[in-house]
Amino acid sequence: MSIAKQLLLMGLPETGKTTLVAALWHLVESKEVERSLSLQRLEGDRTALNQLRDLWMNATAPERTEQDTAQPVVLQLVPTAGGAPFSLHIPDMAGETYRSQWVHRQWTQEHAERVEKADGILLAIHTKIRKPTLLCEIQSAFNGEPPQPPAGKKTGKPTPARAWEPEHASTQVMLVDLLQFALAARRGRKPLRVAVLFTAWDLVPSPVPKPEDWLDQELPLLAQYLHSNAGLLAIRCYGVSAQGGDYTKAAERQALADQLLHSERIQITGPDCTPHDLTAPIFWLLA
């Protein structure tokens, strides 16, 4: 008997994982998309998932998930049209597990085993990223001076120089480290599939590039790492707007809440996916 495949949702704090989970939970419950999934078993708090879904349907932003209240969730799912069951592990919607992994260089034995057994990863990356620190800013900090902006860039009131902390590292540096941890834990298993989900894709200014081109342009270090480890990692990139619009604009928020089919609020672009099918990256990971 074959072992059911295991997928893992990963991402740093404030990358939209909570919204992704709420939208996916709605798709599982509503069956509003053609390629749907059915729930076999849930490990976790169903009430909390339903509350997240209700907030999402009402176009209301959830409160920031705190580390001490973020409980692991495991969805045991099966494709409705037929196929093998699989599990989707959501160890930490807050993302603090992954931040701590970067800052403190450690993770729990349970999490290490979960990563080791993963057949695929959904990697959430918010399109609002922390850029690398420029050399001129580092030199200013060493000299005890306010950071100097790049030539031609206007700034407001100067901010005092601050000591560098691990939390100040750029997004792509943290993500490369996160993936290095994952590959080290896998101990030579077959190549790991990674579906890269660029969240808040609707905020990317026009002309909107393909997600894989955005990766190369905005996260070149991460792109180089992924491409140079093609023998260990197989990747696909998707642009996702699970929220569907701007909740801070009253008219837009009301229109989202009043939408008849809430699945149509989801926008996703990438290989082999229809405009509202958030399950497309999952089906690619399972292939």
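Heads up: the structure comes first, above all this text.
Residues numbered from 1 in each chain as written. Predicted model: local features only at pLDDT ≥ 70, side-chain atom pairs only at ≥ 80, totals over all residues. Heavy atoms only, no water.

For the rest of this paragraph, the subject is the pairing of strand 4 (residues 86–90). Taking burial as the measure, the five residues of strand 4 include five buried ones, the bulk of the element. The alternating pattern of strand 4 places F86, L88 and I90 on one face and S87 and H89 on the opposite face, and all of these are buried. As paired elements, strand 1 (residues 5–11) and strand 4 share four bridges and run parallel to each other. Each bridged residue has a counterpart across the sheet, and for L7 the counterpart in strand 4 is L88. Both strand 3 (residues 73–79) and strand 4 contribute to a ladder of five bridges, which runs antiparallel. Along strand 4, the bridge assignment pairs V74 with H89. The loop that links strand 3 with its antiparallel partner strand 4 comprises six residues; one of these, G82, has a positive phi angle of about 110 degrees. (Buried < 20%, exposed > 50% of the residue type's maximum accessible area, 1.4 Å probe, protein only. Helix = DSSP H or I, 4+ residues; strand = E, 2+ residues; numbered from the N terminus. Pairing = 2+ DSSP bridges.)

Turning next to the nonpolar core. The biggest cluster of nonpolar side chains holds 43 residues, and the ones touching the most others in it are L75, I90, L122, Y238, V240, L278 and I282. Of all the elements, helix 1 (residues 17–30) adds the most residues to this core, at eight residues. When sequence neighbours within four positions are dropped, the list of residues in contact with I90 reads L9, V21, Q71, P72, V73 and L75. Judged by nonpolar contacts, the second largest core, of 36 residues, contains L8, V115, V176 and L183. (Core = buried A, V, L, I, M, F, W, Y, C linked by side-chain atoms within 4.5 Å. Contact = heavy atoms within 4.5 Å.)

Attention shifts here to the packing of helix 3 (residues 96–104) against helix 6 (residues 171–186). Close contact between helix 3 and helix 6 brings their axes to 10 Å; oriented N to C, the two are set at 90 degrees. By the angle class used here, helix 3 and helix 6 are roughly perpendicular. In contact with Y98, Q101 and W102 of helix 3, helix 6 contributes V173, M174, D177, L178 and F181. Its residues assigned to classes, the contact of helix 3 with helix 6 comprises six nonpolar, one polar and one charged. (Axes fitted to C-alpha atoms, helices over the stretch in contact; angles between N-to-C directions. Parallel < 35°, antiparallel > 145°, perpendicular 65-115°, else oblique. Nonpolar A, V, L, I, M, F, W, Y, C, P; charged D, E, K, R; others polar.)

With that settled, the discussion passes to the packing of aromatic side chains. Any aromatic ring pair is given by two values, namely how distant the centres are and how the planes are angled relative to each other. Tallied over the full model, the rule gives four aromatic pairs. Considering the side-chain rings of F198 and W201, the 6.2 Å spacing of their centres and the 25 degrees angle between planes classify their relative orientation as stacked. Per residue, the accessibility class of F198 equals that of W201, and both read buried. Pairing W201 with W214 gives two aromatic rings, centres 6.2 Å apart and planes at 75 degrees, and the pair type is edge-to-face. Of this pair, W201 sits in the loop between strand 6 (192–199) and helix 7 (211–218) while W214 sits in helix 7, and the two are 13 residues apart along the sequence. (Phe/Tyr/Trp six-rings, centres within 6.5 Å; stacked < 30°, edge-to-face > 60°.)

Let us now look at the sheet that holds strand 3. The strand order across the open sheet built from eight strands is 2-3-4-1-5-6-7-8, with neighbouring strands paired in mixed fashion. Across the chains shown, the open sheet's two edge strands, defined by having one partner strand only, are strand 2 (37–43) and strand 8 (267–269). Mean inter-strand twist for the sheet, computed between neighbouring axes without regard to direction, equals 25 degrees.

This paragraph deals with helix 7. Looking at helix 7, one finds that the buried residues are P211, W214 and L215. Along the axis of helix 7, the buried positions cluster into a sector of 105 degrees, meaning they face one direction only. Close packing links the buried residues of helix 7 with strand 6, helix 8 (220–228), strand 7 (233–241) and strand 8. (Arc of directions from axis to C-beta.)

What follows covers the side chain of S170. The residue S170 is located in the loop between helix 5 (135–142) and helix 6 in this model. Relative accessible area serves as the criterion here: at 7%, S170 is assigned to the buried category. Not counting residues within four places of it along the chain, the set of residues in contact with S170 comprises R130, K131 and P132.

We now examine helix 3. Residues of helix 3 that are buried include every one of E96, Y98, Q101, W102 and V103, and no others. Buried positions along helix 3 lie against strand 1, helix 4 (109–117) and helix 6.

On the secondary structure map, Q172 appears in helix 6. Distance in space between the C-alpha atoms of Q172 and P220 is 8.1 Å, their sequence separation being 48 residues. Excluding residues within four positions of it along the chain, Q172 makes contact with P132, L219, P220, L221 and L222.

It is the contact of helix 4 with helix 6, at a shortest axis distance of 8 Å, that shows an interaxial angle of 80 degrees. On the basis of the axis angle, helix 4 is roughly perpendicular to helix 6. Along its contact with helix 4, which presents A112, V115 and E116, the element helix 6 presents A182, A185 and R186. Class assignment of the residues belonging to the contact of helix 4 with helix 6 gives a composition of four nonpolar, no polar and two charged.

Counted under the stated rule, the structure contains nine salt bridges. Two residues, E29 and R53, come together in a salt bridge whose shortest N-O distance is 3.4 Å. In this pair, E29 is assigned in helix 1 and R53 in helix 2 (residues 46–57), connecting sequence segments 24 residues apart. A salt bridge links R35 to D277; the nearest nitrogen and oxygen atoms lie 3.3 Å apart. (Salt bridge = Lys/Arg side-chain N within 4 Å of Asp/Glu carboxyl O.)

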